[in-house]
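Here's the letter readout for the chains.
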Amino acid sequence: MALLSPSSSSSRHSMALVVALLLLMAMAARSGVASLLYDQIDITWGQDHSFFYMDGDLDTLALCLDEARGGSGFASKDAYLYGRFDIDIMLVANNSAGTVATFYLMPDDVPWEYHDEVDLEFLGNSTGEPYTLHTNIYVNGVGGREQQFRLWFDPTTDFHTYSIEWNTKHIIILVDGTPVRVYSNDATRGVAFPTWQRMRLHGSLWNAEEWATQGGRVKTDWTQAPFYAYYRNLRVTPCVPSPGVAWCGDEPPESTWFDQRLDAAALQRMQGESMIYDYCADQKRFKDKGFPKECTTD
Ligand SMILES: *[C@@H]1O[C@H](CO)[C@@H](O)[C@H](O)[C@H]1NC(C)=O
Ligand SMILES: *[C@@H]1O[C@H](CO)[C@@H](O)[C@H](O)[C@H]1NC(C)=O
């Protein structure tokens, strides 16, 4: 019952939570729903203004951002070494400038030199202007691997599925089942790749007006607050090894099992259509020190 945070200020809000909770339990009992989001995650900050509700059969988390209380976030109860993570998100509607909603993998507290992260951030915009999907990958405390995408639909009117597949060979980011980004494990060439520590799945909604929208020129319009981003239908599939292999960390290097998980043609097509920034193509940025290893083929 960690949901009922003692810091809940308004008793009306608490009542709503209790009702939502009873509904969830009734729902689960009636339909035998395997996994409720409510059971899979903990709200880790902003407990007093974010909440779960039922939408049909789906329990949905509304993450809230307002000026007085700030943003909110959640983390999965379990941590995973490799897996596929799918979640449905509906982003802040109308004027979402300054807001950022996220979905990412990260280990629990470790020294920064061990910090790994697979990051999706949805940068809000003024009404009618497009969101940017900003992605980054940190390995051993080093990030700077940004790729950005323009979504080919309005992410605020409906739920869309965003996915991270993390296996021993690739990290693949997918939107509605279509790969938009891949980062490959190329250890023989010294490319860093997260291979050993469990990561937890996180999501959040926060105020990033200093940089998020049009380079920080457009600030959050607090008269539009509270802002909400909705998350539901989290599906976690642990890594499935190839036949004859005990677990996916033991995959022999010559195995092509995980390569088959990647639709390379679809990836290329989507990148051609929707990629708006690629660090591996940023000549100016790497003019002096040279491109990171994963950007080169030699
Ligand atoms: C967005 O704007 C539309 C049209 O003005 C309105 O009906 C809707 O309630 C707004 N949505 C939010 C989340 O404010
Ligand atoms: C917001 O809209 C402007 C104008 O269409 C666009 O240049 C920008 O990339 C969009 N996204 C963000 C996050 O600023």
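Structural notes, computed from the coordinates. It should be emphasised that the depicted structure is a prediction, and the values quoted were computed from it without experimental measurement.

Right, let's get into the overall build of the protein chain. Helix and strand content of the protein chain: three helices and 15 strands. When the 298 residues of the protein chain are sorted by exposure, 50% land in the buried category. Across the protein chain, every contact between residues at least 6 apart in sequence was considered, and the portion connecting residues at least 24 apart equals 66%. For the protein chain, the accessible surface area stands at approximately 14200 Å², while carbon and sulfur atoms represent 52% of it.

Here strand S6 (residues 99-106) lies mainly inside the structure; eight of its eight residues are buried. Alternating positions in S6 separate into two faces, Thr99, Ala101, Phe103 and Leu105 on one and Val100, Thr102, Tyr104 and Met106 on the other, with burial throughout. Relative to strand S13 (residues 199-207), S6 is paired through eight bridges, and the arrangement is antiparallel. Residue pairing across strands places Phe103 opposite Gly203, the latter belonging to S13. The sheet contact formed by S6 and strand S7 (residues 117-123) spans six bridges and is antiparallel. By the bridge assignment, Phe103 is partnered in S7 with Leu120.

Grouped together as the largest cluster of nonpolar side chains are 54 residues, with contacts concentrated most on Leu61, Phe103, Phe122, Tyr162 and Tyr231. A total of four residues in this core trace back to one element, the largest contributor, which is strand S14 (residues 227-238). Beyond its immediate sequence surroundings of up to four residues, Phe122 is in contact with Ile89, Leu91, Thr99, Val100, Ala101, Tyr131, Thr132, Leu133, Leu151 and Tyr162.

Turning next to helix H3 (residues 264-274). Along an α-helix, a turn takes 3.6 residues, which lines up residues three or four apart on a common side. Looking only at H3, the buried set comprises Ala266, Leu267, Met270 and Ser274. Along the long axis of H3, the arc covered by the buried residues comes to 100°, so they all point the same way. In H3, the exposed positions angled more than 90 degrees off the buried face are occupied by Gln268 and Gly272. Those residues of H3 that are buried lie in contact with strand S9 (147-150), strand S12 (178-184) and strand S15 (275-278).

So, about the sheet that holds strand S8 (residues 132-138). Reading across from one edge, S1-S4-S13-S6-S7-S8-S9-S15 is the order of the eight strands in this open sheet, with antiparallel pairing throughout. Whereas interior strands pair on both sides, the edge strands pair on one side only; in this sheet they are strand S1 (41-45) and S15. Each strand axis lies, on average, 15° off the axis of its neighbour in the sheet, ignoring direction. Of the pairings in the sheet, the one linking S1 to strand S4 (residues 72-80) comprises four bridges and is antiparallel in character. Within the sheet, the bridge partner assigned to Asp42 lies in S4 and is Ala75.

Reading the values: the criteria
- Residues numbered from 1 in each chain as written.
- Chains lettered and ligands numbered in written order.
- Predicted model: local features only at pLDDT ≥ 70, side-chain atom pairs only at ≥ 80, totals over all residues.
- Heavy atoms only, no water.
- Helix = DSSP H or I, 4+ residues; strand = E, 2+ residues; numbered from the N terminus.
- Buried < 20%, exposed > 50% of the residue type's maximum accessible area, 1.4 Å probe, protein only.
- Contact = heavy atoms within 4.5 Å.
- Areas by Shrake-Rupley, 256 points an atom, 1.4 Å probe, with all protein chains shown as cover.
- Pairing = 2+ DSSP bridges.
- Core = buried A, V, L, I, M, F, W, Y, C linked by side-chain atoms within 4.5 Å.
- Arc of directions from axis to C-beta.
- Axes fitted to C-alpha atoms, helices over the stretch in contact; angles between N-to-C directions.

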